[in-house]
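Secondary and tertiary structure notes
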Amino acid sequence: MANSEESSPLLSNQQEEEQMIEAEKKSGATVKTTGPPPVEVVKQSQPAVPIGWPADGLPLSVMGEPMIHRAQWDSSLCACLGRNDGFCSSDLEVCLLGSMAPCVLYGSNVERLGYAPGTFTNHCFPYTALYLLGNSFFGWNCLAPWFSYPIRSAIRRKFNLEGSCEALARSCGCCGSFMENEVQREQCESACDFATHVFCHACALCQEGREVRRRLPHPGFIAQPVLVMIPPGEQAMGRGE
């Protein structure tokens, strides 16, 4: 029997497996003491980064992307006469239209944003009707701002301009956490755009007119390439003498 047990390969394999298991058990105690620290300890030893801020220190938006710096309006709300630059005559035109014919200025502002042909008529006529109704029944232009304030929000979004709420938060430091939420910020800015058109309607139209005239050409002034065919000149055939 002893010879059969020594010659049996199955018994030898079982003995080797048992010896390996015992060796792993003995070495396991030493590996636990001499091995690397647990993952939790490693995490605690690493320097923590504040939530909402990446390693380079740029603030993050709600979606986890770096916040984009917004540009300033070219002129302030109360700068009705504009600036003394190349658009000085255009600023004077905007001021006259805003005070005498706001419907024309509003339609021109919408048309410059690149909408389809006929945009001026589709916006100027409804504005005129609301303007006349407001002045006739209420004594002041209180209905047209409800129709015209979305153009201010469209200009602000198109050129990534700073809104009134964001400017207030930047200047006095209030409502900082409220401005971090993109949805809440846009709702607040839309409400400020509406309030600006209600209480400073003519100034708001003039500021928007100065902004779009400096950034966008009028659709009617965009030159189209014209192919000109020049006929060949007359050729005289000489006769040899």
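Right, let's walk through the structure included here. (Residues numbered from 1 in each chain as written. Predicted model: local features only at pLDDT ≥ 70, side-chain atom pairs only at ≥ 80, totals over all residues. Heavy atoms only, no water.)

1. Some details on a negative patch on the surface
Taken together, the side chains of Glu-16, Glu-17, Glu-18 and Glu-22 define an acidic patch exposed on the protein surface. In this fold, Glu-22 is placed in helix α2 (residues 9–34). Glu-22 gets classed as partly exposed once you look at its relative accessible area, which sits at 48%. (Patch = residues over 30% accessible without salt bridge, like charges linked within 9 Å, V, L, I, M, F, W, Y side chains within 5 Å. Areas by Shrake-Rupley, 256 points an atom, 1.4 Å probe, with all protein chains shown as cover. Salt bridge = Lys/Arg side-chain N within 4 Å of Asp/Glu carboxyl O. Lys, Arg positive; Asp, Glu negative; His and termini not counted. Charge placed at Lys NZ, Arg CZ, Asp CG, Glu CD. Helix = DSSP H or I, 4+ residues; strand = E, 2+ residues; numbered from the N terminus. Buried < 20%, exposed > 50% of the residue type's maximum accessible area, 1.4 Å probe, protein only.)

2. So, the packing of aromatic side chains
Summed over all chains, the structure comprises five aromatic pairs. Ring geometry for Tyr-106 and Tyr-127: centres 5.3 Å apart, planes at 25°, overall stacked. Note that Tyr-106 is positioned in helix α5 (residues 102–112) and Tyr-127 in helix α6 (residues 119–137), a separation of 21 residues in sequence. The same class applies to Tyr-106 and to Tyr-127, which are both buried. Judged by relative accessible area, Tyr-127 falls into the buried class, the value being 0%. By the ring-pair criterion, three or more aromatic residues cluster together here, those being Tyr-106, Tyr-127, Tyr-131 and Phe-147. Stacked on the ring of Trp-73, the Lys or Arg Arg-152 has its end atom at 4.6 Å from the ring centre. Above the face of the Phe-159 ring, Arg-215 is positioned so that its terminal group lies 4.9 Å from the ring centre. (Phe/Tyr/Trp six-rings, centres within 6.5 Å; stacked < 30°, edge-to-face > 60°. Lys NZ or Arg CZ within 6 Å of the ring centre and 35° of its normal.)

3. Structural notes on the pattern of salt bridges
In this structure the tally under the stated criterion is 13 salt bridges. The salt bridge partner of Arg-214 is Asp-74, with a shortest N-O separation of 2.8 Å. Of this pair, Arg-214 sits in helix α11 (residues 201–215) while Asp-74 sits in the loop between α3 (39–45) and α4 (88–100), and the two are 140 residues apart along the sequence. Taking the shortest distance from any N to any O, the salt bridge between Arg-214 and Asp-91 comes out at 2.8 Å. A residue pair is termed long-range when its members are at least 10 positions apart, and Arg-214 in helix α11 and Asp-91 in helix α4 qualify at 123 residues. With respect to burial, Arg-214 and Asp-91 carry one shared label: buried. Put simply, Arg-70, Arg-152, Arg-156, Arg-157, Glu-166, Glu-182, Arg-185, Glu-186, Asp-193 and Glu-208 are held in one network by salt bridges that share partners.

4. Here we look at α5
Counting buried positions along α5 gives nine out of eleven residues, so the element sits mostly inside the fold. Every buried residue of α5 is accounted for by Pro-102, Cys-103, Leu-105, Tyr-106, Gly-107, Ser-108, Asn-109, Val-110 and Arg-112. Residues of α5 that are buried make contact with α4, α6, α7 (144–158) and α11. Gly-114 sits one or two positions beyond α5 and adopts a positive phi of about 90°. (Contact = heavy atoms within 4.5 Å.)

5. Description of the side chain of Arg-210
With respect to the helices, strands and loops of the structure, Arg-210 is situated in helix α11. The buried charged residue Arg-210 lacks any salt bridge partner; its closest oppositely charged side chain belongs to Asp-91, at an N-O distance of 5.1 Å. At 2.7 Å, the side chain of Arg-210 and the side chain of Ser-75 are in polar contact. (Polar contact = N/O pair within 3.5 Å; in protein donor to acceptor, adjacent residues only side chain to side chain.)

6. A closer look at the state of the cysteines
Following the criterion strictly, the structure yields one disulfide and no others. Across a sulfur-sulfur distance of 2.2 Å, Cys-165 and Cys-188 are joined as a disulfide pair. Judged by the sign of its S-S torsion, about -75°, the bond between Cys-165 and Cys-188 is left-handed. Residue Cys-165 is located in helix α8 (residues 164–172), and its partner Cys-188 is located in helix α10 (residues 182–199); the two are separated by 23 residues in the primary sequence. (Disulfide = S-S within 2.5 Å.)

7. Brief notes about a nonpolar patch on the surface
Where nonpolar side chains cluster on the molecular surface, the patch consists of Leu-133, Phe-137, Phe-138 and Trp-140 and spans about 490 Å² of accessible area. Mapping Leu-133 onto the fold places it in helix α6. Leu-133 sits in the partly exposed class, given a relative accessible area of 40%.

8. Some remarks on the packing of α10 against α11
Contact geometry for α10 and α11: axes closest at 5 Å, N-to-C directions at 115°. Together, Thr-196, His-197 and Phe-199 of α10 and His-201, Ala-204, Leu-205 and Glu-208 of α11 make up the contact between the two elements. (Axes fitted to C-alpha atoms, helices over the stretch in contact; angles between N-to-C directions.)

9. Quick word on the nonpolar core
By size, the foremost hydrophobic cluster in this structure holds 19 residues, and its most contacted members are Leu-105, Tyr-106, Leu-113, Tyr-127, Ile-151 and Ile-155. Only α4, α5, α6, α7 and α11 provide two or more residues apiece to this core. Considering each element in turn, this core owes the most residues, four residues, to α5. Apart from residues no more than four positions distant in its own chain, Tyr-106 is found in contact with His-123, Tyr-127, Phe-147, Ser-148, Ile-151 and Leu-205. Judged by nonpolar contacts, the second largest core, of five residues, contains Cys-165, Met-179, Cys-188 and Cys-192. (Core = buried A, V, L, I, M, F, W, Y, C linked by side-chain atoms within 4.5 Å.)

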